[in-house]
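Each chain, letter by letter, is given below.
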Amino acid sequence: MSIDLPPDFSTTLNLVESVFQAGDGSAEAFFSTSSSGSRLVYRPSCTPNWWNWPRSIDAVANAACTSCCGVQVNHKRIYRLYRAAGLMVRRRRVAVARECLSLSSAPNQVLSMDFVFDALSTGRRIKCLTVVDDFTKVSVDILVEYGISGFRVTRALDEMARFRGYPQAIRTDQGPEFTGKALDQWACQRDIKLKLIQPGQPTQSAFIESFNGKFRGECLNEHCSLVEARIRIAAWRDYNEHRPHSAIGNLSPAELAAKWRTNQQQLKREKLISTP
């Protein structure tokens, strides 16, 4: 396609050629000057998806400097051409619906996940995946690695499910590991609902944020190696047995889970007795 330029563009850009060009030379957009005026000629069949607005400014400015010394290129003019040629990189859309915080009514109904970052004494960064049961406040697991991808998240969830089964839903923020195809396909195959909080609203995942605050204040910022970090974090998870929560009647997460199981067993007995 071609876009006609107004006369004021010709005075500045009539000598600028090959402004937008892919690294492999397969796609290009360039200015063509003739007696009828200047036109931006754009070939959209092989548009490079890595092309962005700052790169476009640099390309036009460099082409202007090499073609004719002293030519000033206005970035606002380039931006209008950039948009008109359809070179804007599309924003990534999250395929999972966003939901606000809602209270669960049973264990393993909703799990919340998040990442916590820390640095070792050597300066190298480590990444911790924290998983908490929204109902009992139990710390299901804390995965500690140098880097954790979306696929690694799914493997960790499969390992947790061996002992407690798969949850009905998982609440996360909109980080790339949680909005990627790996977790989306994994959840679809197991009929697990993904609940994403709204951007910039960490209070919509208040349970995991509260846990992360305790975890960071009591356990992080004091490790020398990845192995030591894993050992100390695993030992700190006696949190489940010894940490009372005012939100659950000053019980520890393990005590609440045991109390809930006892109540469920009692209800089943009463139901069997009442059944004729």
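Quick look at the structure, then. All of these numbers come straight from a predicted model, not from anything done at the bench.

### Things to note about the overall build of the protein chain
Across its full length, the protein chain carries 10 helices and 9 strands. Taken over 276 residues, the protein chain has a buried fraction of 42%. Summarising the internal contacts of the protein chain: among those between residues at least 6 apart in sequence, 61% fall at separations of at least 24. With an accessible surface of roughly 15,900 Å², the protein chain has 51% of that area assigned to carbon and sulfur atoms.

### Details of helix α4 (residues 150–164)
Note that an α-helix has 3.6 residues per turn; residues three or four places apart therefore point the same way. For α4, built from 15 residues, the straight-helix expectation of 21 Å at 1.5 Å per residue is met to within 8% by its first-to-last C-alpha distance of 21 Å. Here the buried face of α4 lies against β5 (110–119), β6 (125–133), β7 (139–145), β8 (169–172), α5 (176–179) and α6 (181–189).

### Notes on the side chain of T154
By the element assignment, T154 lies in helix α4. Residue classification places T154 among the buried positions, given a relative accessible area of 5%. A polar contact of 2.5 Å, which involves the side chain of T154, links it to the backbone oxygen of F151. Those residues in contact with T154 that lie beyond four places of it in its chain are A182, L183 and W186.

### A closer look at the nonpolar core
Formed by 20 residues in total, the largest nonpolar core has its most connected members in M113, L129, V153, L157 and L183. Contributions of two or more residues to this core are made by β5, β6, β7, α4, α6 and β9 (193–196). Ranked by the residues each element gives to this core, the list is headed by α4, at 4 residues. In contact with L129, not counting residues within four places along its chain, are M113, D114, F115, D141, I142, L143, I148, V153, A156 and F178.

### Describing α6
Taken together, the buried positions of α6 are occupied by L183, W186 and A187. All buried residues of α6 lie within an arc of 95° about the axis, which places them on one face of the element. In α6, the exposed positions that point more than 90 degrees away from the buried face belong to K181, C188 and Q189. If you follow the buried residues of α6, they end up packed against β5, α4, β8, α5 and β9. Immediately beyond the C-terminal end of α6, within one or two residues, lies D191, with a positive phi of roughly 60°.

### Description of the pairing of β7
Two faces belong to every sheet, and in a regular strand the side chains alternate between them. The buried fraction of β7 is high, at 6 of 7 residues. In this structure, β6 lies alongside β7, joined through 6 bridges in antiparallel fashion. Its bridge partner being in β7, V132 is matched across the sheet by S139. Hairpin connection of β6 to β7: 5 residues between the antiparallel strands, including K137 at a positive phi of 65°.

### Topic: the packing of helix α7 (residues 206–219) against helix α8 (residues 226–236)
Any two packed helices are characterised by how steeply their axes cross, that is the angle between the axes, and by the distance between the axes. Contact pair α7 / α8: the axes reach a minimum separation of 11 Å and the direction vectors enclose 120°. The orientation of α7 with respect to α8, classified from their angle, is oblique. α7 and α8 meet at a crossing whose hand is right-handed. Only R232, I233 and W236 of α8 make contact with α7, whose side of the interface consists of F211, K214, F215, E218 and C219.

### Some details on the packing of α4 against α6
Close contact between α4 and α6 brings their axes to 7 Å; oriented N to C, the two are set at 35°. Residues G150, F151, V153, T154, L157 and D158 of α4 form the contact with α6, whose participating residues are A182, L183 and W186. The residue inventory of the contact of α4 with α6, partitioned by class, reads 6 nonpolar, 2 polar and 1 charged.

### Focus on unusual backbone geometry
A positive phi is found at K137, a non-glycine position, where the angle reads about 65°. Looking at the element boundaries, K137 is found in the loop between β6 and β7. The backbone of D191 sits at a positive phi, close to 60°, despite the residue not being glycine. One can find D191 in the loop between α6 and β9. You can call D191 exposed: its relative accessible area is 72%.

### Examining the environment of A206
Locating A206 in the fold gives a position in helix α7. A206 sits in the partly exposed class, given a relative accessible area of 31%.

About the thresholds
- Residues numbered from 1 in each chain as written.
- Predicted model: local features only at pLDDT ≥ 70, side-chain atom pairs only at ≥ 80, totals over all residues.
- Heavy atoms only, no water.
- Helix = DSSP H or I, 4+ residues; strand = E, 2+ residues; numbered from the N terminus.
- Buried < 20%, exposed > 50% of the residue type's maximum accessible area, 1.4 Å probe, protein only.
- Contact = heavy atoms within 4.5 Å.
- Areas by Shrake-Rupley, 256 points an atom, 1.4 Å probe, with all protein chains shown as cover.
- Expected span 1.5 Å × (residues − 1).
- Polar contact = N/O pair within 3.5 Å; in protein donor to acceptor, adjacent residues only side chain to side chain.
- Core = buried A, V, L, I, M, F, W, Y, C linked by side-chain atoms within 4.5 Å.
- Arc of directions from axis to C-beta.
- Pairing = 2+ DSSP bridges.
- Axes fitted to C-alpha atoms, helices over the stretch in contact; angles between N-to-C directions.
- Parallel < 35°, antiparallel > 145°, perpendicular 65-115°, else oblique.
- Left-handed = near helix turned anticlockwise from the far one by under 90°.
- Nonpolar A, V, L, I, M, F, W, Y, C, P; charged D, E, K, R; others polar.

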